[in-house]
Amino acid sequence: MPLIGTRRYPKGPSLTRSECHRLNLSGTKIRFDAPEHRDSQVPDRTELSMEKNIYDDALFSRFYEDNAAEPPRMELAVKWWEYTGLPILDGTGYLGQIRFRIFLNRMPEFSSLFRPKNLECAVERYIYTSPSSTRYPGTNRLDWRIADINGSRWVNYGMIGWTAMYSAEEVYTSFWQIPITDEHLLTVEFVQVIALKRTNLKQVFQKVIDAVMNSFTIELSSDAAAQKARVEKEYLGETLSKSLPPYEFDHLEALTGLEMVQKVSESLNHDLSIPKADFDEIVAKEEKKQEEELKAIRERVLQSHLRFFE
């Protein structure tokens, strides 16, 4: 790691000072190495050793509690790795960061996740409903591939978006997912934020991601291993897709209240002679129509995720 960072040689976490993390999830043992947390504003809060009962539903929650389709999740690890340059040239010196997170998602409706077809459908549900996703068609499931790491088979894909939220030039999230039981999906995310142009952050980020992911080892519990063996025998020969296109789905961009008023006004040729009460009634009907269209589209997409039952 350079003593002083530049755009060409950003200063960030040291790969030679990685910490060993161990997770025991109801008998499934997960180990990985990751650099020490490095962020000037956010303190490190990741445990190096953790034991959880993944069958305790109380440990899972939704970001949007009223969204029943969102897979409940349990946070397992969070680390931020900040990269800096020369303040005299780059303002604050901040060039970008990686936000590393691990979640366990509970998805019983997709059981068994060890079946390749079910897992691919579960990924679509994750993309469509997870707060980690932009939830826009065509922006997710980019660069889909299958990765075998230390005897475990992961699916890996990317997502573009969130530039406004991070005030960045570019944001790309890399997702890595693997089932660890019939209904539990392990999700690893690397949110890669490039704040300034003309840096070597992409190459530097990839080195960190490769180092972390290549260190993962997963030893399934006896129950989970039995589940996996049963499914592999039942669906002998079924495999994960080697490539998939970006995930597309029906989508309707909802109009805001003001936008709906403008739309109705334009449809009436801006007729100012219409009584306000009548105008408001027309707007209310259009809003209800939009709500019904949004609901119908959402139900249709959610149902498509369960097509493996067909």
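None of these values were measured; they are calculated from a predicted model.

*Asks:* Any details on the pairing of strand β4 (residues 73-84)? Residues and values, ideally.
*Replies:* Put simply, side chains in a regular strand alternate between the two faces of the sheet. Burial runs high along β4: eleven of the twelve residues are buried. Taken together, the eleven bridges between β4 and strand β5 (residues 94-106) define a ladder with antiparallel strand orientation. In the sheet register, E82 faces β5, and the bridge partner there is Q97.

*Asks:* So, the pattern of salt bridges: which residues are in play, and what are the values?
*Replies:* Under the criterion given, the structure shown has 18 salt bridges. Of the charged contacts, one joins E36 and R17 as a salt bridge, the two residues approaching to 3.4 Å between their closest N and O atoms. With E36 in the loop between β2 (28-35) and β3 (49-52) and R17 in the segment before β1 (18-25), this residue pair connects regions lying 19 residues apart in the sequence. The exposure class assigned to E36 is partly exposed, which follows from its relative accessible area of 31%. Overall, R17 belongs to the exposed group, its relative accessible area being 51%. Of the charged contacts in the structure, one is a salt bridge between R300 and D250, with a shortest N-O distance of 3.2 Å. Taken as a pair, R300 in helix α7 (residues 276-304) and D250 in the loop between α5 (222-234) and α6 (257-267) lie far apart in primary sequence, 50 residues in all. Where salt bridges share partners, they join E124, R141 and R307 into one cluster.

*Asks:* For the nonpolar core, give the residues involved together with the corresponding values.
*Replies:* Side chains of nonpolar character tend, in soluble globular proteins, to be buried together. Core analysis: the biggest nonpolar cluster contains 36 residues, and W154, L186 and F190 have the highest contact counts within it. Put simply, the parts of the chain that give this core at least two residues each are β1, β2, β4, β5, β6 (140-149), β8 (170-179), β9 (184-194) and α4 (201-213). In terms of residue count, the dominant contributor to this core is α4 (six residues). Every residue in contact with W154, bar those within four places of it in the chain, is listed here: R145, I146, A147, I149, W176, Q177, I178, L186, V188, M213, F216 and I218. Residues Y126, V155, L185 and L240 belong to the second largest nonpolar core, which totals 25 residues.

*Asks:* Go over the sheet that holds β1 with me, naming the residues and quoting the values.
*Replies:* The mixed open sheet is built from four strands, whose spatial order is β3-β1-β2-β10. The strands lining the two open edges of the sheet, one partner per strand, are β3 and β10 (217-219). Adjacent strand axes in the sheet meet at a mean angle of 15 degrees, parallel and antiparallel pairs treated alike. As paired strands, β1 and β3 are joined by four bridges and run parallel to one another. Opposite N24, over in β3, you have E51 as the bridge partner.

*Asks:* Mind laying out the environment of F100, listing which residues take part and the relevant values?
*Replies:* Inspection of the secondary structure puts F100 in strand β5. Separated by 30 residues in sequence, F100 and S130 place their C-alpha atoms 16 Å apart. The residues contacting F100, other than those within four sequence positions of it, are F32, A34, A77, V78, K79, W81, V188, E189, F190 and V212.

*Asks:* Describe the side chain of H21, listing the residues and the values that go with them.
*Replies:* Here H21 shows up in strand β1. You can call H21 buried: its relative accessible area is 1%. In terms of polar contacts, H21 uses its side chain to reach the side chain of K79, at 3.0 Å. Apart from residues no more than four positions distant in its own chain, H21 is found in contact with I30, R31, F32, A34, T46, E47, L48 and K79.

Cut-off values and rules
- Residues numbered from 1 in each chain as written.
- Predicted model: local features only at pLDDT ≥ 70, side-chain atom pairs only at ≥ 80, totals over all residues.
- Heavy atoms only, no water.
- Buried < 20%, exposed > 50% of the residue type's maximum accessible area, 1.4 Å probe, protein only.
- Helix = DSSP H or I, 4+ residues; strand = E, 2+ residues; numbered from the N terminus.
- Pairing = 2+ DSSP bridges.
- Salt bridge = Lys/Arg side-chain N within 4 Å of Asp/Glu carboxyl O.
- Core = buried A, V, L, I, M, F, W, Y, C linked by side-chain atoms within 4.5 Å.
- Contact = heavy atoms within 4.5 Å.
- Axes fitted to C-alpha atoms, helices over the stretch in contact; angles between N-to-C directions.
- Polar contact = N/O pair within 3.5 Å; in protein donor to acceptor, adjacent residues only side chain to side chain.

In short, geometric facts, not functional conclusions.
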